[in-house]
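Chain by chain, the residues run as shown.
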Amino acid sequence: MEWRHKDLLGLAELTKEEIELILDTASSFKEVSTREIKKVPALRGKSVVNLFYEPSTRTRVSFEIAAKRLSCDVINIIADTSSVRKGESLVDTGKNLEALKIDIIVLRHNSSGAAHLLARNVGVSVINAGDGWHEHPTQALLDIFTLKEKFGKIEGLNVTIVGDIAHSRVARSNIWGLTKLGAKVCVCAPKSLLPIEIERLGVEVFNDLDEALRDTDCVNVLRMQLERDEKTIFPSSLDYFKQYGITMERLKKLKRNILIMHPGPLNRGVEISSEVADGENSVILEQVTNGIAVRMAVLYLVTQARETIKNEAHH
Amino acid sequence: MREKAKIMDKDSIRRVLMRIAHEILEKNKGTYNLCLMGIRTRGVYLAQRLVEEIKKIENKSVPVGILDITLYRDDLTLIAPHPVVHKTEIDFDINDKNIVLVDDVLYTGRTVRAALDAIIDFGRPKTIQLAVLVDRGHRELPIRADYVGKNIPTSSTETIEVRVEEVDGKDEVIIVDKNIS
């Protein structure tokens, strides 16, 4: 199995084997972060630009650390403070970065499809770090990596995603990735936060949380995006917590312990109680650690593929 | 590709490893602070066998680590298909230890160069020594082995294939000619 894509745009277009290659590579990279010298020379001399059109701390920092542990140079561009404010288009920005001889663009953008658009127009590698409501592949990969570490395999697992499915790229990428690897995925949310025809992605839909959790191995709790004006779709965060918040009382009703995941940042007391978030079945911080290994694997694989394509064109 | 000659069989490999185990113990005056480090893939199994031989002689276990040097190679962009990155597993402190690096074939020396860089990222050993089953010449770097199973001079169209039971189903060393099909 060899990785042949210069970009990582989403999990929808990947095969099961390609996803497994990323996970296996990530598991080899995980050890690097436990060393005294947390750095390998694999991508020495390569430059990575984190191009972020939306605020993000954890994803950007995670990519930055991953790149630095591979000996890349990293440049951060936050759209607010760049020539984007002067009206430069995404493709023009990309072409200028290419002219500066950088190797990889990690793109976070508020429009769905932005990473695909950029990747078609530049020769450098593009890694999607979240595009609108569409995909956030590295988040899903680190979720799946964490599940695989905990359960040994993905096939046959029951995973429930709870929260604002409609606006969640994390949910979509997880659904595509998990179903390809043979997990059963359920989604649970109030109707106003579920996109129509979500079942067509191969998931089971629940409106009642207790019912959704009954047979699940893991619950992936999405963040309520309070910065959006959710009042129009849900009365208040207190109401949401009552009906959809993950609490100890709710978990105690279940027959077995289930794994608790959350992509962060947490809204304590909105989608999850502190007791659960800090409890012994929570792997929320392990997800953060695993994010580094997964992103190192992706940076490494796309670079290799691009070099291969370049060499083949040469001969 | 054609197999030209079998250079070593199961018994000769066993005898050679037994001799190298004795040489390692002689040079390091026993097993104190000694550890072995196998280079993936076949070096790992040779290192494990050396550990067994050492145990037979001294009745002491020495720690053995596994080194994957993929991330330290200088030719990553040139080789196809790309090797899959495997785990490096070193679960002991290497500071002030005498490390014997173990590989199947010593050729250009570039793998050993990468392995030296990888080891040094884990700490500062007292010494690093090199044991190889076969030295086939054609060095491109100033590197030599401390323990050599067999010197096999080769031409550049020939390659040496070391096969070990754990990976290939049998123990043998073969010369292969790349030019003859």
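A few points about the interface of chain B and chain A
Line of reasoning, step 1. Counting residues at the interface gives 16 residues for chain B, matched by 15 residues for chain A.
Line of reasoning, step 2. Taken together, the residues of the side of chain B that touches chain A sort by class into eight nonpolar, five polar and three charged.

Here's the deal with unusual backbone geometry
Line of reasoning, step 1. The residue after A:G264, namely A:P265, is reached through a cis peptide bond having omega -10°.
Line of reasoning, step 2. Cis peptide bonds are those with omega within 30 degrees of zero, and the linkage from B:R40 to B:T41 qualifies with 5°.
Line of reasoning, step 3. Turning to its location among the elements, B:T41 is positioned in the loop between β2 (34-39) and α2 (42-58).
Line of reasoning, step 4. For B:N33, which is not glycine, the phi torsion reads 60° and is therefore positive.
Line of reasoning, step 5. Along the polypeptide, B:N33 turns up in the loop between α1 (10-28) and β2.
Line of reasoning, step 6. Judged by the 14 C-beta atoms lying within 10 Å of it, B:N33 falls in the partly exposed class.
Line of reasoning, step 7. Phi at B:H138 takes a positive value of approximately 65°, unusual for a residue other than glycine.
Line of reasoning, step 8. Its location among the elements puts B:H138 in the loop between β5 (127-135) and β6 (147-151).

Some words on the sheet that holds strand β7 (residues 204-206) of chain A
All names here are of chain A.
Line of reasoning, step 1. Read from one edge of the open sheet, five strands run β7-β6-β5-β8-β9, paired in parallel fashion. The strands lining the two open edges of the sheet, one partner per strand, are β7 and β9 (259-261). For this sheet, the mean inter-axis angle between neighbouring strands, taken without regard to orientation, is 20°.
Line of reasoning, step 2. Bridge count for strand β8 (residues 218-221) against β9 is three bridges, and the pairing is parallel. Residue pairing in the sheet places N220 in a bridge with M261 of β9.

With respect to the environment of B:P125
Residue and element names in this part refer to chain B.
Line of reasoning, step 1. Structurally, the position occupied by P125 is in the loop between α3 (110-120) and β5.
Line of reasoning, step 2. C-alpha of P125 to C-alpha of K97: the two residues are 28 residues apart in sequence and 4.8 Å apart in space.
Line of reasoning, step 3. Residue contacts for P125: discarding those within four places in its chain leaves I94, N95, D96, K97, N98, I99 and I119.

Some words on the sheet that holds strand β3 (residues 104-109) of chain A
Residues and elements named next belong to chain A.
Line of reasoning, step 1. Overall, parallel pairing links the four strands, which are arranged β2-β1-β3-β4 in an open sheet. What marks the edges here is a single partner per strand, and that holds for β2 (73-78) and β4 (125-131). Averaged over all pairs of adjacent strands, the angle between strand axes in this sheet comes to 15°, irrespective of strand direction.
Line of reasoning, step 2. Here strand β1 (residues 47-52) pairs with β2 via six bridges, running parallel. Bridge assignment links N50 to a residue of β2, and that residue is N76.

Thoughts on the domain arrangement of chain A
Residue and element names in this part refer to chain A.
Line of reasoning, step 1. According to the domain assignment, chain A consists of domain 1 (16-136 + 292-314) and domain 2 (138-287).
Line of reasoning, step 2. One C-alpha centre belongs to domain 1, the other to domain 2; they are set 27 Å apart.
Line of reasoning, step 3. With 17 residues of domain 1 at the interface, the matching set in domain 2 holds 19 residues.
Line of reasoning, step 4. Of all elements in the fold, only α1 (16-29), β4 and α11 (284-314) reach the threshold of two or more residues within the side of domain 1 that touches domain 2.
Line of reasoning, step 5. Here the side of domain 1 that touches domain 2 gets five residues from one element, more than from any other, and that element is α1.
Line of reasoning, step 6. In terms of residue class, the side of domain 1 that touches domain 2 is made up of eight nonpolar, four polar and five charged.

What about the environment of B:G43?
Residues and elements named next belong to chain B.
Line of reasoning, step 1. With respect to the helices, strands and loops of the structure, G43 is situated in helix α2.
Line of reasoning, step 2. As a C-alpha pair, G43 and P125 span 82 residues in sequence and 20 Å in three-dimensional space.
Line of reasoning, step 3. When neighbours within four sequence positions are excluded, G43 is seen to be in contact with G38, V102, D103 and D104.

Topic: the packing of helix α3 (residues 90-99) of chain A against helix α4 (residues 114-121) of chain A
Residue and element names in this part refer to chain A.
Line of reasoning, step 1. Viewed as axis vectors pointing N to C, α3 and α4 meet at an angle of 45°, and their least axial separation amounts to 9 Å. Relative to α4, the element α3 is oriented oblique. For the crossing formed where α3 meets α4, the hand is right-handed. Residue-level contacts link L90, V91 and G94 of α3 to A114, L117, L118 and N121 of α4.
Line of reasoning, step 2. Taken together, the residues of the contact of α3 with α4 sort by class into five nonpolar, two polar and no charged.

Parameters and conventions
- Residues numbered from 1 in each chain as written.
- Chains lettered and ligands numbered in written order.
- Predicted model: local features only at pLDDT ≥ 70, side-chain atom pairs only at ≥ 80, totals over all residues.
- Contact = placed C-beta atoms within 7 Å.
- Nonpolar A, V, L, I, M, F, W, Y, C, P; charged D, E, K, R; others polar.
- Helix = DSSP H or I, 4+ residues; strand = E, 2+ residues; numbered from the N terminus.
- Buried ≥ 20, exposed ≤ 12 C-beta atoms within 10 Å, placed from the backbone.
- Pairing = 2+ DSSP bridges.
- Axes fitted to C-alpha atoms, helices over the stretch in contact; angles between N-to-C directions.
- Domains from an automatic or database assignment.
- Parallel < 35°, antiparallel > 145°, perpendicular 65-115°, else oblique.
- Left-handed = near helix turned anticlockwise from the far one by under 90°.

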